[in-house]
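# Residue-level structure breakdown
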Amino acid sequence: MAAAVTGTPARAESEITTCSSQPAHTAAPHREALSAEDFVAGFLEDRDTELMCPKTVGELMEHLTEQNNTLKEQVLTVSSLVPPKVSAALSAVEDARCSLEALLQREQLTFNILHKPEWYLTQVLMWMGNNSTFMEETIQPILDRGGVTLSAKVELCRGLLSLVQEKVTSDASKLLYDDVLFCHLVEEVLQFEKELRSNHSYPAELPGVLHLLLEDAVLQKWLTMEKKMAVEKMDAMLSAERAWSSQYKDISDMDDLKAPDCAETFMTLLQVITERYRTLPCPSAQLKFLELQKELVDDFRIRLTQVMKEESRCPLGVRYCAILNAVNYISTILGDWGNDVFFLQLQQTAVSLGEEAVPGGLGIMEMGRLASLEGSLFDGLLALLDRLKGDMLGRLLDFLMREIKEKAKPYCQERWLSLPSQQDQSTMSLSSTACPMMLCVRDRLLNLHQVLGFSLFHLAWQGLAERLDNFLYQDVILCNNFSDGGAAQLQFDMTRNLFPLFGHYCKKPENFFKHVKEACIILCLNVGSAILLRSLIKESDMTRDCAGTGDPPPESALNELGVFCLAPCDVLILLSLRTSWFPS
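Residues numbered from 1 in each chain as written. Predicted model: local features only at pLDDT ≥ 70, side-chain atom pairs only at ≥ 80, totals over all residues. Heavy atoms only, no water.

On to the overall build of the protein chain. Helix and strand counts for the protein chain come out as 22 helices and 0 strands. Burial statistics for the protein chain: of 584 residues in total, 41% are counted as buried. Taking contacts inside the protein chain between residues at least 6 apart in sequence as the whole, the part at least 24 apart equals 74%. Surface accessibility of the protein chain: about 31600 Å² in total, with carbon and sulfur atoms responsible for 55%. (Helix = DSSP H or I, 4+ residues; strand = E, 2+ residues; numbered from the N terminus. Buried < 20%, exposed > 50% of the residue type's maximum accessible area, 1.4 Å probe, protein only. Contact = heavy atoms within 4.5 Å. Areas by Shrake-Rupley, 256 points an atom, 1.4 Å probe, with all protein chains shown as cover.)

Here we take up the pattern of salt bridges. Following the criterion strictly, the structure yields 23 salt bridges and no others. R197 serves as the salt-bridge partner of E193, at 2.7 Å between the closest nitrogen and oxygen. Of this pair, E193 and R197 both sit in helix α8 (residues 179–198), 4 residues apart, which is roughly one turn of the helix. Since its relative accessible area comes to 7%, E193 is described here as buried. For R197, a relative accessible area of 25% puts it in the partly exposed group. Close ionic contact of E275 with R278 constitutes a salt bridge, the shortest N to O distance being 3.2 Å. Each of the salt bridges in this network shares a partner with another, and the network as a whole consists of D179, K221 and K228. (Salt bridge = Lys/Arg side-chain N within 4 Å of Asp/Glu carboxyl O.)

When you line up the elements, D469 lands in helix α17 (residues 454–477). The exposure class assigned to D469 is buried, which follows from its relative accessible area of 4%. The residues touching D469, leaving out its near neighbours within four places in the chain, are F512, F513, K514, H515 and V516. A polar contact is formed between the side chain of D469 and the backbone nitrogen of V516, at a distance of 2.9 Å. (Polar contact = N/O pair within 3.5 Å; in protein donor to acceptor, adjacent residues only side chain to side chain.)

Predicted confidence across the protein chain gives a mean pLDDT of 82, with 75% of residues reaching 70 or more. When pLDDT is averaged over each helix and strand of the protein chain, the minimum, 39, is found for helix α1 (residues 9–21) and the maximum, 96, for α17. Below a pLDDT of 50 lies the segment residues 1–34, which in the model reaches 35 contacts outside its immediate sequence neighbourhood of four places, other chains included. Considering only residues more than four positions removed or in separate chains, one finds that residues 47–55, a stretch of pLDDT under 50, has 7 contacts. (pLDDT = per-residue confidence, 0-100.)

What follows covers the side chain of H200. Along the chain, H200 falls in the loop between α8 and α9 (216–238). Setting aside residues up to four positions removed in sequence, H200 forms contacts with L125, M128, G129, K153 and E195.

Okay, the packing of helix α20 (residues 527–542) against helix α21 (residues 554–561) next. Between α20 and α21, whose axes approach to 9 Å, the crossing angle comes to 155°. As far as their axial angle goes, α21 and α20 are roughly antiparallel. Note on element contacts: α21 touches α20 through P554, A557, L558 and L561, opposite L533, L536, I537 and S540. Taken together, the residues that form the contact of α20 with α21 break down as 7 nonpolar, 1 polar and no charged. (Axes fitted to C-alpha atoms, helices over the stretch in contact; angles between N-to-C directions. Parallel < 35°, antiparallel > 145°, perpendicular 65-115°, else oblique. Nonpolar A, V, L, I, M, F, W, Y, C, P; charged D, E, K, R; others polar.)

Attention shifts here to the packing of aromatic side chains. What the rule picks out here adds up to 16 aromatic pairs. Ring geometry for F266 and F300: centres 4.2 Å apart, planes at 5°, overall stacked. Of this pair, F266 sits in helix α10 (residues 261–277) while F300 sits in helix α11 (residues 283–311), and the two are 34 residues apart along the sequence. Arranged with centres 5.3 Å apart and planes meeting at 70°, the rings of F343 and F378 form a pair that is edge-to-face. Note that F343 is positioned in helix α13 (residues 341–353) and F378 in the loop between α14 (364–371) and α15 (379–412), a separation of 35 residues in sequence. On the accessibility criterion, F378 (3% relative accessible area) is buried. (Phe/Tyr/Trp six-rings, centres within 6.5 Å; stacked < 30°, edge-to-face > 60°.)

With that out of the way, let us pick up α20. Counted at 1.5 Å a residue, the expected span for α20 with its 16 residues is 22 Å, and the 23 Å between its end C-alpha atoms agrees. Looking at the buried residues of α20, the elements they touch are α19 (514–523), α21 and α22 (568–576). (Expected span 1.5 Å × (residues − 1).)

Within the element layout of this structure, E226 appears in helix α9. The class of E226 is buried, set by a relative accessible area of 6%. A polar contact is formed between the side chain of E226 and the side chain of R276, at a distance of 2.7 Å. Excluding its chain neighbours within four sequence positions, the residues that come into contact with E226 are I273, R276, F289 and L292.

Written as structure tokens, this is what we have:
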């Protein structure tokens, strides 16, 4: 037996002393068992020859009893502590805190670099992402069992955000006089906020970092830089080689507005500014950016006006029409913005804040229109743009009419009295003197259709038709006398040649030439109908003041003939032009 065991009494006593003196939560059960066995083995080895001595057995029992009592105390202590999983979780949290402190110390250099805010912002986002699973799967269940109504992931983000907020506040104040670095900081902060809200589901009701950019000095610097950079980009876009050409000119389905590159680039610039301030938590700050955008639009309008005046000598030129398209494009986009939910909310904010919301204040009438949603925040700009568009269209149509009138001179001087009657002609054809005018109208319509946006061209051809109608009525019809052959020739030229030129763009082009169409109807009446109509109108004039005559008014007779635009007095003038029917 002595050979089977090893150890010494001193070792056994040391083992017992060590076991009993260690804290309860650090001792392990198997360690206590080994210590007892070692003690017994050593004890028996040293006292092999005295094993049967009562004194020796008493000492052994005394030591075993003492060790047993120590183990009982350790078990009671361990059983009173928290469950092992909770203890492990708390230990993990403590380890994470220590690791975070160490990581922060290692990343101190990154956080101190002014010209690279994306370094520490990206690092914080990585910390949030890398620890989100641990917070949701390990820490959140502990908080839920404890009845704590907190989101572990959100609390982690809040803690990390405090570091970012402190850093951004410090950097923003230091970079107020460095334009490039300040703009870079703003861009990175906006991107950080976007990722924080979208990728990490940070609650909207909790502050992020955007409110730090709304400090008076920082916000004013931001507004100043937005305007400065926008003006520089406007100069560049207007002087670019392709400033006045449309990138979609070869794709008809995508080019209804035919907006030149400079206009599209400018509106994209405004849209980017909108996206930057859209998420700001302060509506009054958003209104300041809106006012900046309106200033930029007005500045761009003035620049377009200056270029237009340089090109007004040739309104049919590519650049002039491109400017007109640009004005129409900007006006269309602003009209759409006026119906956008975001700008409608800003509109209501402006109404609630009153005059202090908009520099220069709002009149009572304008405030009422905004409150009732009858108008928009862009009405002032839209009025200026529409005025410019109307002026440019007027210049363009005036130029066209001067050209058409020049081509129409021979037609105005046509000998309508000497033209043969329709019965004397086998077939009717377009008057030779009308050919230059018709060709000019056709070519200009095709040209305008190619260079103007759809809505602008619609206005242009209708305006041209209206002016042509007045010109032909005043300078061709009222300035000449007509035989039956001349009246028939005029009607043929108009209904079979001029009206169809506009028939490509509408179903009933004659409705845009009401004076000419109705004049042709009167001039081409047969003799009997013309005599009766003249008598009816004259009698109506004589008995106009007499009541109860029972005769129908002349307007009824004119309506039956298809005449709705011309007044009875105008019809009398037209009938008087048929000198072969009514000798003077």
